[in-house]
Amino acid sequence: MKKKGKWKVLGFSILGIFVLGIAALGYEYYQLQPKTHFSTVPVVGAKKSTDQKVEEKTPVFNVLLIGSDQRKGQKLGHTDSMMLIHVDLNKNKYQAVSIPRDTRVHVDGYGYTKLTSVQYIMQAKKGTQKGVEAAVAAVSDFMGVPINYYVETNYWGFQSMVDSLGGINMNVPFDVTLTHPWYKENTNKVISAGTYSFDGKMVAEVVHERYSLKNGEYGRQQLQEEALKGIAKAALSPNKITKLPDLVKTIPQFVLATNMTTSDMLSLGLSAKDFDPQTQLTYQQIRGESKTLYDDILKAKNYQIVINQEQVKKIAVNFQ
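Please read these numbers as outputs of a predicted model, since none were measured by experiment.

Side note on the overall build of the protein
Here is step 1 of the chain: Secondary structure assignment for the protein yields 13 helices and 16 strands.
Here is step 2 of the chain: Across the 320 residues of the protein, 57% fall into the buried class.
Here is step 3 of the chain: Partitioning the intrachain contacts of the protein with sequence separation of at least 6 by distance along the chain shows that 70% fall at a separation of at least 24.
Here is step 4 of the chain: Carbon and sulfur atoms make up 49% of the accessible area of the protein, which amounts to about 14,100 Å² in all.

Some thoughts on the confidence of the model for the protein
Should the pLDDT be low somewhere, the predicted coordinates at that spot are not to be read in detail.
Here is step 1 of the chain: Scored by pLDDT, the protein comes out at a mean of 81, with 79% of its residues at no less than 70.
Here is step 2 of the chain: Overall, residues 1–15 carries pLDDT values under 50, and its contacts beyond four positions in sequence, including any with other chains, amount to 68 contacts.
Here is step 3 of the chain: Low confidence marks residues 22–27, where pLDDT is under 50. Its contacts with residues over four positions away, or in another chain, come to 22 contacts.

Overview of the side chain of Q304
Here is step 1 of the chain: Mapped onto the secondary structure, Q304 falls in strand 16 (residues 300–306).
Here is step 2 of the chain: You can call Q304 buried: its relative accessible area is 0%.
Here is step 3 of the chain: At a separation of 3.2 Å, a polar atom in the side chain of Q304 contacts the main-chain carbonyl oxygen of L293.
Here is step 4 of the chain: Once residues lying within four places of it in the same chain are set aside, the contact partners of Q304 are D102, R104, T113, K114, E289, S290, K291, L293, Y294 and D295.

What to know about the pattern of salt bridges
Here is step 1 of the chain: Throughout the structure, instances matching the rule amount to eleven salt bridges.
Here is step 2 of the chain: Note that D102 is salt-bridged to K114, the shortest N-O span being 3.2 Å. Of this pair, D102 sits in the loop between strand 5 (93–99) and strand 6 (104–107) while K114 is found in strand 7 (residues 111–114), placing the two residues twelve residues apart along the sequence. In this structure, D102 and K114 share a single accessibility class: buried.
Here is step 3 of the chain: As a salt-bridge pair, K130 and E133 come within 3.9 Å of each other at their nearest N and O atoms. Here K130 and its partner E133 are both found in helix 4 (residues 128–143), three residues apart, which amounts to about one turn of the helix.
Here is step 4 of the chain: When salt bridges that share partners are traced, they join D80, R101, D102, K114, R210, E217 and R220 into one network.

Observations concerning the sheet that holds strand 13 (residues 257–258)
Here is step 1 of the chain: Spatially, six strands are ordered 13-8-3-4-5-14 in an open sheet, and the strand pairing comes out mixed. The open sheet has two free edges, formed respectively by strand 13 and strand 14 (281–285), since each of these has just one partner strand.
Here is step 2 of the chain: Where strand 8 (residues 149–153) and strand 13 come together, two bridges link them in antiparallel fashion. Across the sheet, residue E152 finds its bridge partner in strand 13, namely A257.
Here is step 3 of the chain: Running over the sheet, helix 3 (residues 115–126) touches strand 3 (60–68), strand 4 (79–88), strand 5 and strand 8 and is turned about 105° from strand 4.
Here is step 4 of the chain: Across the sheet, helix 7 (residues 216–235) lies against strand 4, strand 5 and strand 14, angled at about 165° from strand 14, the strand it touches most.

Some details on the packing of aromatic side chains
Here is step 1 of the chain: Counted under the stated rule, the structure contains five aromatic pairs.
Here is step 2 of the chain: Judged by centre distance (6.0 Å) and plane angle (80°), the rings of F38 and Y149 are edge-to-face. With F38 in the loop between helix 2 (34–37) and strand 1 (40–43) and Y149 in strand 8, this residue pair connects regions lying 111 residues apart in the sequence.
Here is step 3 of the chain: Cation over ring: K201 sits above Y183, and NZ or CZ is 4.2 Å from the ring centre.
Here is step 4 of the chain: The residue whose ring lies beneath R287 is Y218, and the NZ or CZ to ring-centre distance is 4.2 Å.

Observations concerning helix 6 (residues 200–207)
Here is step 1 of the chain: With seven of eight residues buried, helix 6 is to be regarded as a mostly interior element.
Here is step 2 of the chain: Of all the positions in helix 6, only G200, M202, V203, A204, E205, V206 and V207 are classed as buried.
Here is step 3 of the chain: Contacts made by the buried residues of helix 6 are with helix 5 (155–164), strand 9 (168–172), strand 10 (176–177), strand 11 (190–191), strand 12 (194–198) and helix 7.

Examining the packing of helix 5 against helix 6
Here is step 1 of the chain: It is the contact of helix 5 with helix 6, at a shortest axis distance of 7 Å, that shows an interaxial angle of 130°. The orientation of helix 5 relative to helix 6 falls into the category oblique. With respect to the hand of their crossing, helix 5 and helix 6 are arranged in right-handed fashion. Note on element contacts: helix 6 touches helix 5 through G200, K201, V203, A204, E205 and V207, opposite Y155, F158, Q159, V162 and D163.
Here is step 2 of the chain: Considering only residue class, the contact of helix 5 with helix 6 consists of six nonpolar, two polar and three charged.

A few points about unusual backbone geometry
Here is step 1 of the chain: The phi dihedral of N188 is positive, around 65°, even though this residue is not glycine.
Here is step 2 of the chain: Within the element layout of this structure, N188 appears in the loop between strand 10 and strand 11.
Here is step 3 of the chain: Non-glycine residue K299 carries a positive phi angle of around 60°.
Here is step 4 of the chain: By relative accessible area, K299 is classed as exposed at 59%.

What counts, and at which threshold
Residues numbered from 1 in each chain as written. Predicted model: local features only at pLDDT ≥ 70, side-chain atom pairs only at ≥ 80, totals over all residues. Heavy atoms only, no water. Helix = DSSP H or I, 4+ residues; strand = E, 2+ residues; numbered from the N terminus. Buried < 20%, exposed > 50% of the residue type's maximum accessible area, 1.4 Å probe, protein only. Contact = heavy atoms within 4.5 Å. Areas by Shrake-Rupley, 256 points an atom, 1.4 Å probe, with all protein chains shown as cover. pLDDT = per-residue confidence, 0-100. Polar contact = N/O pair within 3.5 Å; in protein donor to acceptor, adjacent residues only side chain to side chain. Salt bridge = Lys/Arg side-chain N within 4 Å of Asp/Glu carboxyl O. Pairing = 2+ DSSP bridges. Axes fitted to C-alpha atoms, helices over the stretch in contact; angles between N-to-C directions. Phe/Tyr/Trp six-rings, centres within 6.5 Å; stacked < 30°, edge-to-face > 60°. Lys NZ or Arg CZ within 6 Å of the ring centre and 35° of its normal. Parallel < 35°, antiparallel > 145°, perpendicular 65-115°, else oblique. Left-handed = near helix turned anticlockwise from the far one by under 90°. Nonpolar A, V, L, I, M, F, W, Y, C, P; charged D, E, K, R; others polar.

Written out as structure tokens, the structure is:
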């Protein structure tokens, strides 16, 4: 289960899939109105999870975005990045919170481990789908809120998504040194603070870096936030609107696992047709204390982040 930096993946960027869903503007618009379409939603992550759909008086639901470090040709991967999104289609508002990959969690029947390990262990024991569901349930339990949808991608999926948009303009808020790049030619390359036009390859390089950043994982999450804004602007630009119906057809290339149907993605895209991340998206980070603790699953001590549950409760109020 040793991590390899070059295989790190960018979970936050998967939110761009929702932006691509705006392709619904060219597909049966009248059948996919978000407030109607999401009048019922599934519950896939809760202490008592169910596959049945639940009625929602208002179209409000939670989506978990997962970035996996799963390699090509392999069936196992760690949950490397996690972001929970609260979607309120009445107010057209989105609450987002990044959850540290090394968060210490308790798994029934196994004990304490890192959140990033839950999916890997359950995939190895019970198969790919059970692994994803276990990761969803672990986040749901940790946050104390139900999860209705999940979407998982990996490194290559993210890169392909950005390239399908023709690249993006991205603000880099601080200097970034690529200490563990995917491509050797970028080793130790320095990206100075500023705004750049990046292709999928370079966005992937920048937003998976954390070792050279002053705030480590939290700095990486900031870079992922900036990537999201760039993806949104690119997908919603006037010259992309007519191409989006074709782009949505490529979504399966970006996704490893999801319980969202194509109609779900298209309808969610309709809700974001006038999306402005500056005014409609509220982003938060969950911070904790770094400790070296015993991992019951790995049977050894390792680096973990212990989160104050009172902090989690305050944030979770916005995800109810």
